[in-house]
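# Per-entry structural report
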Amino acid sequence: MAEMNELQILRHSASHVMAQAVKRLFPEVKLAIGPAIDNGFYYDFDTSAPFTAEDLEKIEAEMKKIAKENLKIERFELPKDEALELMRDEPYKIELIEALPEGEVISFYKQGEFVDLCAGPHVNYTSKIKAYKLLSATGAYWRGDEKNKMLQRIYATAFQSKDELNAYLEQREEAKKRDHNKLGRELELFTTSEVIGQGLPILLPKGARIIQLLQRFVEDEEQKRGWLLTKTPLMAKSDLYKISGHWDHYQDGMFIMGDEETEKEVFALRPMTCPFQYQAYLNRGRSYRDLPMRLGETSTLFRNEASGEMHGLIRVRQFTISEGHLMCTPEQLEDEFKGCLELAIYMLKTLGLYEDVSYRFSQWDPDDREKYIGTEEQWNEAQDMMAKILDHLEIPYKVGVGEAAFYGPKLDIQIKNVFGKEDTLITIQIDQMLAEKFGMEYVDADGVKKNPYIIHRTSIGCYERTLALLIEKYAGAFPVWLAPTQVKLLPIADRHFDYAYDVKRALEAAGIVRVEVDERNEKIGYKIREAQMEKVPYMIVVGDKDIENKTVSVRDRRDGDIGSMPIEEFIAKITEEVNSKVIK
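Every value quoted in this text rests on a predicted model; they were computed, and no experiment measured them.

## Some thoughts on the overall build of the chain
Along its length, the chain carries 18 helices and 28 strands. The principal-axis extents of the C-alpha atoms in the chain amount to approximately 90 × 75 × 50 Å. A buried classification covers 50% of the 584 residues belonging to the chain. For the chain, long-range pairs separated by at least 24 residues make up 70% of all intrachain contacts whose partners lie at least 6 apart in sequence. Only carbon and sulfur atoms are counted for the fraction: they give 48% of the accessible area of the chain, which is about 28,300 Å². Positive and negative side-chain charges of the chain, numbering 79 and 101 respectively, have mean locations separated by a distance of 4 Å.

The following block contains the structure:
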């Protein structure tokens, strides 16, 4: 276990104070676990009813009492049989104790009447816990497994001073304003429907337009870099997934149609594109002259995510991804991996997301062999090769043991949302196993048949997740090239309509096609406020002087009124912003 810093120790101690408060107020509740996390701490409880906002207020008040009591926090140890006896009324603690290896020290911490199984460390008195806040209560499966019982989790945070706590809470309130799940709905980018199902969002016209722009951008850029476009089916027989290993290693995450015991053919919606794209490679014989072969596809995928894991556009059951598979020789591997990484970085920089990312080298877990295909030697070889490539490219990464795909190690480009939760946005994987499984070969220069190396990669990741991150990054005020409406024309009176449409046609002729005219019988101030709320990049107010001088009066959503100018000048200005994909 990594050593805890002072803040983590404080937060872990606060989780015990919170658990003590819960047990005082709700004695029938059973305790699970309560660790410190990046932005605070949580504790899981088995309770007959969810915690309400009023419950959280009562728990906070009781925590304050416990802090004032200045209880000494003391550690003690017990042998296993005595530990089990002490925790006889806490079934989750019993389960944890029974899972401990023989001979391991079993430690507890006591504060007043409250005793908890814990490795520590903790502060020495409850009075040290002064600046804390309970944030929310939600459901959470015991040990994160949906097959287990749903517990109630209270999220909270603690700091060493009130000022630090207040600063964090202010930052959290700002994050709430940017939360894509709230803002995306308010801006009418997406919605959901109970009759369709959880994790299946509906992209509304504005959101669908942004996704379309991203897809065109990605496909055009990939074509420039030598990627060939494929279009493969959304489903396949179980036979295909048995060859790839998905049937044995990923079946719980798949949507399966039919029963193998009663039907000759069982189909499943695809969770990945790789086994489908391999069929394009297998279409005919290949030689080293055909390599590298870069196959890319805008793929719709389906994954049976647990209900507790789904959130807005970040984690869904159906999503679209910029997926590609690259077949190459061993000599080409590093250059091609570098090309995939350069493409991903270019995409992220263009979108303004690059400064927020980190890298994770995801490796296999040799102690959990059932999760993976291949031999230890194959895994060591693939991981050593990838480590050399990453080190040679000077990629700063952390290691994630057990995070590899079942067929190979990968570089995960990680990004945090506004609340600090980290997700994978883009992956680049090295695979030396699936080519052999599918019989993918090429004839080398020496006339010998060999299996190619395969690089699995995305260039922008899941489009839905990318849209969510862009909503939060820009608080809905997208760069001009991505804005669902780029310009809104606001005629002051009915007599200005004809000129407004003349300006609209001029803009569209120049390629600025997402232009709207607000024809409503409303005052100009109201129209401006509405367009500002919709976060339209540019508003053009049309009045008598504009018609007389053949000009446009332009408002920038950020800078306000930027003056009157000839229509040609404004066209040049906005066209340059769109073509350069400038971020402002």
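## Description of helix H15 (residues 497–509)
The terminal C-alpha atoms of H15 lie 18 Å apart, and with 13 residues this matches the ideal 18 Å at 1.5 Å per residue to within 8%. Looking one or two places after H15, you find Gly511, whose phi comes out positive at around 100°.

## Quick look at the sheet that holds strand E13 (residues 256–257)
The pairing of strands in a sheet comes from backbone hydrogen bonds and takes either a parallel or an antiparallel form. If you walk across this open sheet you meet the three strands as E12-E14-E13, and the pairing is antiparallel. Of all strands in the sheet, those bounded by a partner on one side alone are strand E12 (235–237) and E13. Where E13 meets strand E14 (residues 267–269), two bridges bridge the pair, whose relative direction is antiparallel. Residue Met257 lies in a different strand from E14, and its bridge partner there is Phe267.

## Digging into the sheet that holds strand E26 (residues 538–542)
The strand order across the open sheet formed by five strands is E25-E24-E26-E27-E28, and the pairing between neighbours is mixed. Whereas interior strands pair on both sides, the edge strands pair on one side only; in this sheet they are strand E25 (515–517) and strand E28 (560–566). The average angle at which neighbouring strand axes cross in this sheet is 25°, direction not considered. Here strand E27 (residues 551–556) pairs with E28 via six bridges, running antiparallel. By the bridge assignment, Val554 is partnered in E28 with Gly563. Helix-sheet contacts for helix H16 (residues 524–533) involve strand E24 (487–491), E26 and E27, and the interaxial angle to E24 is about 170°.

## Re the packing of aromatic side chains
Applying the stated criterion across every chain yields a total of 18 aromatic pairs. Ring plane angle 25° and centroid distance 4.9 Å describe the contact between Tyr43 and Phe45, whose orientation is recorded as stacked. Judged by relative accessible area, Tyr43 falls into the buried class, the value being 1%. You can call Phe45 buried: its relative accessible area is 0%. A ring pair is formed by Tyr241 and Phe276, whose centres lie 6.2 Å apart and whose planes are at 65°; its orientation type is edge-to-face. In this pair, Tyr241 is assigned in helix H8 (residues 238–244) and Phe276 in helix H10 (residues 274–281), connecting sequence segments 35 residues apart. Overall, Phe276 belongs to the buried group, its relative accessible area being 7%. An aromatic cluster is present here, built from Phe26, Tyr43, Phe45 and Phe51 joined pairwise through their rings.

## Describing a nonpolar patch on the surface
A surface patch of nonpolar side chains, amounting to about 240 Å² of accessible area, comprises Leu234, Met235 and Met257. Within the secondary structure, Met257 is located in strand E13. The class for Met257 is partly exposed, based on a relative accessible area of 36%.

## Digging into the pairing of E26
Regular strands place side chains that alternate from one sheet face to the opposite one. Counted residue by residue, E26 has five buried out of five residues, so it is predominantly covered. Residues Tyr538, Ile540 and Val542 line one face of E26 and the alternating positions Met539 and Val541 line the opposite face, and both faces are buried. Note: E24 against E26, five bridges, orientation parallel. Across the sheet, the residue bridging to Lys488 is Met539, located in E26. For E26 and E27, the ladder comprises four bridges, and the chain directions are antiparallel. The residue bridging Ile540 from the neighbouring strand is Val554, located in E27.

## Let's talk about the packing of helix H1 (residues 6–25) against helix H2 (residues 53–69)
At a minimum axis separation of 8 Å, H1 and H2 run at an interaxial angle of 115°. Between H1 and H2, the interaxial angle falls into the category roughly perpendicular. Helix-helix and strand crossings are classified by hand; for H1 and H2 the assignment is right-handed. Two secondary-structure elements touch here, H1 through Ala14, Val17, Met18, Gln20, Ala21, Val22, Arg24 and Leu25 and H2 through Lys58, Ile59, Glu62, Met63, Ile66 and Glu69. Classifying every residue of the contact of H1 with H2 gives nine nonpolar, one polar and four charged.

Here is what the cut-offs are and how they apply
Residues numbered from 1 in each chain as written. Predicted model: local features only at pLDDT ≥ 70, side-chain atom pairs only at ≥ 80, totals over all residues. Heavy atoms only, no water. Helix = DSSP H or I, 4+ residues; strand = E, 2+ residues; numbered from the N terminus. Buried < 20%, exposed > 50% of the residue type's maximum accessible area, 1.4 Å probe, protein only. Contact = heavy atoms within 4.5 Å. Areas by Shrake-Rupley, 256 points an atom, 1.4 Å probe, with all protein chains shown as cover. Lys, Arg positive; Asp, Glu negative; His and termini not counted. Charge placed at Lys NZ, Arg CZ, Asp CG, Glu CD. Expected span 1.5 Å × (residues − 1). Pairing = 2+ DSSP bridges. Axes fitted to C-alpha atoms, helices over the stretch in contact; angles between N-to-C directions. Phe/Tyr/Trp six-rings, centres within 6.5 Å; stacked < 30°, edge-to-face > 60°. Patch = residues over 30% accessible without salt bridge, like charges linked within 9 Å, V, L, I, M, F, W, Y side chains within 5 Å. Salt bridge = Lys/Arg side-chain N within 4 Å of Asp/Glu carboxyl O. Parallel < 35°, antiparallel > 145°, perpendicular 65-115°, else oblique. Left-handed = near helix turned anticlockwise from the far one by under 90°. Nonpolar A, V, L, I, M, F, W, Y, C, P; charged D, E, K, R; others polar.

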